[in-house]
Amino acid sequence: MLRPLLGLVAAGLALTTAGCAQEEAQLQVTDAWVRISPVASNPSAGYFTVKGGEKAVQLIGVSSPVAIRTEMHETMADHGSGDGNGHGMTMMKPVTSVPVPARGSVEFAPGGRHAMFWNINPGIVPPRTMPLVFTFSDGTQIEVAARTVAVGAPAPK
């Protein structure tokens, strides 16, 4: 009778300590890729996911040592323009920072937020990778190797 009771107590302790040993969230960038423009003077677009750490931060910059200029943009519907039939157009607007919630995530994806890269080194062609550097408001910098794809190619999975 004592042995089954000890088993239940041990199981309860294991569940309690497992709940206390939660893994600490770490700020990270995942799934980075860049759609390379076939025209060198036109910008290329970059996409990625930022996963928040223990504290909320702001993503304040994306850069690359192989691009002359980079900006973060947000695509939004322009409800004020259109064809008069309620069909608005989309427009891009530069953003200087993007909030990253603690333990949350922010996605930069086609049709939404993205990074634009101008004058990329001509040696960066698909399927090579492209180094990206992400700068956050707390001083953290994260470098990742983004996969590159050609215009018209499917997004990497």
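Residues numbered from 1 in each chain as written. Predicted model: local features only at pLDDT ≥ 70, side-chain atom pairs only at ≥ 80, totals over all residues. Heavy atoms only, no water.

## Concerning the confidence of the model for the protein
A residue-level look at the protein finds 80% of positions with pLDDT of 70 or above and a mean pLDDT of 86. Every residue in residues 5–21 is under pLDDT 50, and counting partners more than four places away or in other chains gives zero contacts. (pLDDT = per-residue confidence, 0-100. Contact = heavy atoms within 4.5 Å.)

## Quick word on the nonpolar core
The nonpolar side chains of a soluble globular protein tend to be buried, and buried together. Ranked by size, the top nonpolar core spans 29 residues in total, and within it Phe-48, Leu-59, Phe-117, Met-130, Leu-132, Phe-134 and Phe-136 carry the most contacts. Excluding residues within four positions of it along the chain, Phe-48 makes contact with Val-29, Thr-30, Asp-31, Ala-32, Leu-59, Val-62, Val-106, Glu-107, Phe-108, Ala-115 and Phe-134. Core analysis: the next-biggest nonpolar cluster, separate from the first, contains six residues, Trp-33, Ala-45, Tyr-47 and Trp-118 among them. (Core = buried A, V, L, I, M, F, W, Y, C linked by side-chain atoms within 4.5 Å. Buried < 20%, exposed > 50% of the residue type's maximum accessible area, 1.4 Å probe, protein only.)

## Structural notes on the environment of Pro-131
Looking at the secondary structure, you find Pro-131 in strand β9 (residues 129–136). When near neighbours in sequence (up to four residues on either side) are disregarded, Pro-131 contacts Ser-63, Ser-64, Pro-65, Val-66, Glu-143 and Val-144. (Helix = DSSP H or I, 4+ residues; strand = E, 2+ residues; numbered from the N terminus.)

## Description of the environment of Ser-37
One can find Ser-37 in the loop between β1 (28–36) and β2 (44–51). For the pair formed by Ser-37 and Phe-117, sequence separation is 80 residues and the distance between their alpha carbons is 9.5 Å. Ser-37 has contacts with Asn-42, Pro-43, Ser-44 and Val-151, leaving out every residue within four places of it along the chain. At a separation of 3.1 Å, a polar atom in the side chain of Ser-37 contacts the main-chain carbonyl oxygen of Val-39. (Polar contact = N/O pair within 3.5 Å; in protein donor to acceptor, adjacent residues only side chain to side chain.)

## Brief notes about the pattern of salt bridges
Per the stated rule, a full pass over the model turns up two salt bridges. A salt bridge links Glu-54 to Arg-103; the shortest N-O distance between them is 2.8 Å. You can see Glu-54 sitting in the loop between β2 and β3 (57–63) and its partner Arg-103 sitting in the loop between β6 (98–100) and β7 (105–108), a full 49 residues away along the chain. Measuring nitrogen to oxygen at the nearest pair gives 3.1 Å for the salt bridge that ties Glu-71 to Arg-69. Judged by its relative accessible area of 25%, Glu-71 is partly exposed. (Salt bridge = Lys/Arg side-chain N within 4 Å of Asp/Glu carboxyl O.)

## Considerations on the pairing of β2
Most of β2 sits inside the fold, with seven of its eight residues counted as buried. Examined bridge by bridge, β2 and strand β8 (residues 113–120) share three bridges and lie antiparallel to one another. Across the sheet, residue Gly-46 finds its bridge partner in β8, namely Ala-115. The pairing of β2 with β7 spans four bridges and is antiparallel. Directly across from Thr-49, in β7, lies its bridge partner Glu-107. (Pairing = 2+ DSSP bridges.)

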